[in-house]
Each structure stands twice: as C-alpha cells, then as structure tokens.
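# Residue-level structure breakdown
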Amino acid sequence: MKTVLTIAGSDSIGGAGIQADIKTITCNGCYAMSAITALTAQNTLGVKSIQESTPDFLADQLDAVFTDIVPDAVKIGMVSNAELIKVIAEKLKFYEAQKIIVDPVMVATSGSSLIKSEAVEVLTKELISLATLITPNIPEAELLSGIKIHSENDMLSAAKIIFEKYKAPVLVKGGHSINDANDVLFSSNDFLWFMSERIENSNTHGTGCTLSSAIASNLAKGYNLECSVQFAKNYITECLKADLNLGKGSGPLKHNYMIGEN
C-alpha cells in the first residue's frame, strides 16, 4: 500500500485539515499518516481558538514518521508560524521527501488572513521551493502573483507568474465565483485547463484540503501530475454531489460517498 503524510492543522468538526486529509487519503486507496501543526477548536460556523504545536514537537512527529514508514507523497496544509515552516522544510530536505503538495492556506473564503505576515516570506522561500505542486485558491494566487484575478485569463496569467517566480508547478483553483470550478495547471512552461461543473452545494468546508490530499494520493500511486489532478477533481466532484448536509454553517463533504449506507 502506498503511503501519504499530511502535515496540517486539526479540525475538531472533522471537515477540513488533518481529519479531511486522512479521510481523503484513505478513500483514495492509500495509507494516511499525520503531523499536526496546530489544534483548532472550530465547527461549520467558524474557528473559536487555535493552539499551535511547538517546533520541537512538530519535529518529533516528522522524525517519528520518516524513520519508520517513509511516505510516498507529502501534503502540507495550514502552517501559520514561521518557525514551524522552517522545521517542515528542514525535515523534508533531510529525509529527501518526494512528491510534495503545498496547499498554501493563507486566505479564508471570507478574505481573512490565516497566516502571520512574517510566515509568508518563509513559506515562499523555504517550502514552495520544495513543492511538486502548489494549489492556491484565487485570493492566495493573487497574493503569490501580485495581480488581481477577475477572469480565466487572469487565472492563467497568475499561474504563469507564480510558476516563473517560484519555479514550482501551480494549480490555480477557479472557485470563488471566477468560473464553473475550472482550474488551470501551469507546469514546464505549458498550461492545461481542468473543466468541471459547479455543484450547487453550499456545504464546501474543506474542499481545498480534500483536493490537495487527493492529488497527493494519486501521485503516491504513481500517476503523473496531470492524471493525479484529474482524478482528484473527479473525486471532489462526487463528494460534493453526494450532498451531505451536517452542521449549522458550511458543512463538510461526504468523503466516503462510495461506501453504502446501512
């Protein structure tokens, strides 16, 4: 069985972060492992509080994984602290980690910043340079590229700028009312659009985490980058179509849509 390590924050409602990643990796046929960057007290209505891991404890978690079950792919999600980002980068370099997906969780759907300003520079310098793929949403792509995105042409321009600036393939996700959930992949000075219908489902908590974890799972299984993105897009579309409705706010996806109900 292929293995995937997720490095991210814990979501107490189970819809995003570590919990969504583990569900996604499992449902995509891989063995999931985790290193927790922060504990969050949150639900479908919002985040109440966050308790970050210490750098030493995060380092111990990463050592525990890499010295026993070496991951075939790594997904990195929410890391808001510069010191934690440095620890992750150092460990990934030391253990020569392969197939690294960086989901740069920087801006919430509401527009609120999710990363400390001093951590942004460290993220772009230390972590993105190691990435096999980065998966920013529209607000995050605007931050990384320095341009405003109002159309699909803007998405493509931003993707090219990010690729040239950070030397890492980038998948700019076209949600946030830009289009019908079409994404653009820019890699090796070429681009590819991934088209998908917009599902009328307001329960989208953890979609970014889910997509990046699904891509990591497919890379771990040996698929190339283009196939891994397409299979991940297919998976998240089915999760949304299952129309799970839990919680009082933006609820989670049905990650296990393929498992029958009793």
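We now turn to the structure provided with this report. (Residues numbered from 1 in each chain as written. Predicted model: local features only at pLDDT ≥ 70, side-chain atom pairs only at ≥ 80, totals over all residues. Heavy atoms only, no water.)

## Topic: the overall build of the protein
Looking only at helices and strands, the protein has 8 helices and 9 strands in total. Its C-alpha radius of gyration of 17 Å places the protein within 12% of the 18 Å reference for a compact globule of 262 residues. Here the protein, with 262 residues, has 54% of them falling under the buried criterion. Taking as baseline every contact in the protein between residues at least 6 positions apart, the subset at least 24 positions apart corresponds to 68%. Seen as two clouds, the 21 positive and the 29 negative side-chain charges of the protein have centres 1 Å apart. (Helix = DSSP H or I, 4+ residues; strand = E, 2+ residues; numbered from the N terminus. Rg over C-alpha atoms; globule rule 2.2 N^0.38 Å. Buried < 20%, exposed > 50% of the residue type's maximum accessible area, 1.4 Å probe, protein only. Contact = heavy atoms within 4.5 Å. Lys, Arg positive; Asp, Glu negative; His and termini not counted. Charge placed at Lys NZ, Arg CZ, Asp CG, Glu CD.)

## Observations concerning the packing of aromatic side chains
Under the counting rule described, the total for this entry stands at 5 aromatic pairs. Here Tyr-223 and Phe-231 contribute two aromatic rings whose centre-to-centre distance is 4.9 Å and whose plane-to-plane angle is 85°, an arrangement assigned as edge-to-face. These aromatic residues form a ring-pair network of at least three members: Phe-66, Phe-94 and Tyr-95. (Phe/Tyr/Trp six-rings, centres within 6.5 Å; stacked < 30°, edge-to-face > 60°.)

## Focus: the environment of Leu-253
Along the chain, Leu-253 falls in the segment after helix H8 (225-241). Placed 52 residues apart in sequence, Leu-253 and Asn-201 show a C-alpha to C-alpha distance of 9.6 Å. Apart from the residues lying within four places of it in its own chain, the contact partners of Leu-253 are Asn-203, Thr-204, His-205, Thr-207, Thr-210, Ile-236, Cys-239, Leu-240 and Leu-244.

## What to know about the pattern of salt bridges
Applying the stated criterion across every chain, the model contains 8 salt bridges. Between Lys-91 and Asp-63 there is a salt bridge, with the nearest N and O atoms lying 3.0 Å from each other. Taken together, the residues span a long stretch of sequence, with Lys-91 in helix H3 (residues 82-94) and Asp-63 in helix H2 (residues 55-66) at a distance of 28 residues. Between Asp-103 and Lys-173 there is a salt bridge, with its nearest N and O atoms 3.5 Å apart. Taken as a pair, Asp-103 in the loop between strand E5 (100-102) and helix H4 (117-127) and Lys-173 in the loop between strand E7 (170-172) and strand E8 (183-187) lie far apart in primary sequence, 70 residues in all. Like Lys-173, Asp-103 is buried. (Salt bridge = Lys/Arg side-chain N within 4 Å of Asp/Glu carboxyl O.)

## Examining the packing of helix H7 (residues 207-220) against H8
In the contact formed by H7 and H8, the axes pass within 8 Å of each other and the chain directions differ by 135°. Judged by the inter-axis angle, H7 sits oblique to H8. In this structure, H7 meets H8 at a crossing whose hand is right-handed. Along its contact with H7, which presents Thr-207, Thr-210, Leu-211, Ala-214, Ile-215, Asn-218 and Leu-219, the element H8 presents Leu-225, Ser-228, Val-229, Phe-231, Ala-232, Lys-233, Tyr-235, Ile-236 and Leu-240. Here the residues of the contact of H7 with H8 sort into 11 nonpolar, 4 polar and 1 charged. (Axes fitted to C-alpha atoms, helices over the stretch in contact; angles between N-to-C directions. Parallel < 35°, antiparallel > 145°, perpendicular 65-115°, else oblique. Left-handed = near helix turned anticlockwise from the far one by under 90°. Nonpolar A, V, L, I, M, F, W, Y, C, P; charged D, E, K, R; others polar.)

## Considering a nonpolar patch on the surface
A cluster of nonpolar side chains, Met-1, Tyr-31 and Ile-69, forms an exposed patch at the surface whose accessible area comes to about 350 Å². As for its position among the elements, Met-1 is in the segment before strand E1 (3-11). With relative accessibility at 76%, the residue Met-1 sits in the exposed group. (Patch = residues over 30% accessible without salt bridge, like charges linked within 9 Å, V, L, I, M, F, W, Y side chains within 5 Å. Areas by Shrake-Rupley, 256 points an atom, 1.4 Å probe, with all protein chains shown as cover.)

## Things to note about helix H5 (residues 138-145)
Counted residue by residue, H5 has 7 buried out of 8 residues, so it is predominantly covered. Within H5 the residues assigned to the buried category are Ile-138, Pro-139, Glu-140, Ala-141, Glu-142, Leu-144 and Ser-145. Buried residues along H5 sit in contact with H4, helix H6 (152-166) and E7. Among the residues of H5, the N-terminal cap falls to Asn-137, whose side-chain oxygen and the backbone nitrogen of Glu-140 are separated by 2.9 Å. Gly-146 lies just past H5 and shows a positive phi near 85°. (Polar contact = N/O pair within 3.5 Å; in protein donor to acceptor, adjacent residues only side chain to side chain.)

## Looking at the pairing of strand E3 (residues 46-52)
For strand E2 (residues 31-43) and E3, the ladder comprises 6 bridges, and the chain directions are antiparallel. If you follow Thr-40 over to E3, its bridge partner there is Ile-50. (Pairing = 2+ DSSP bridges.)

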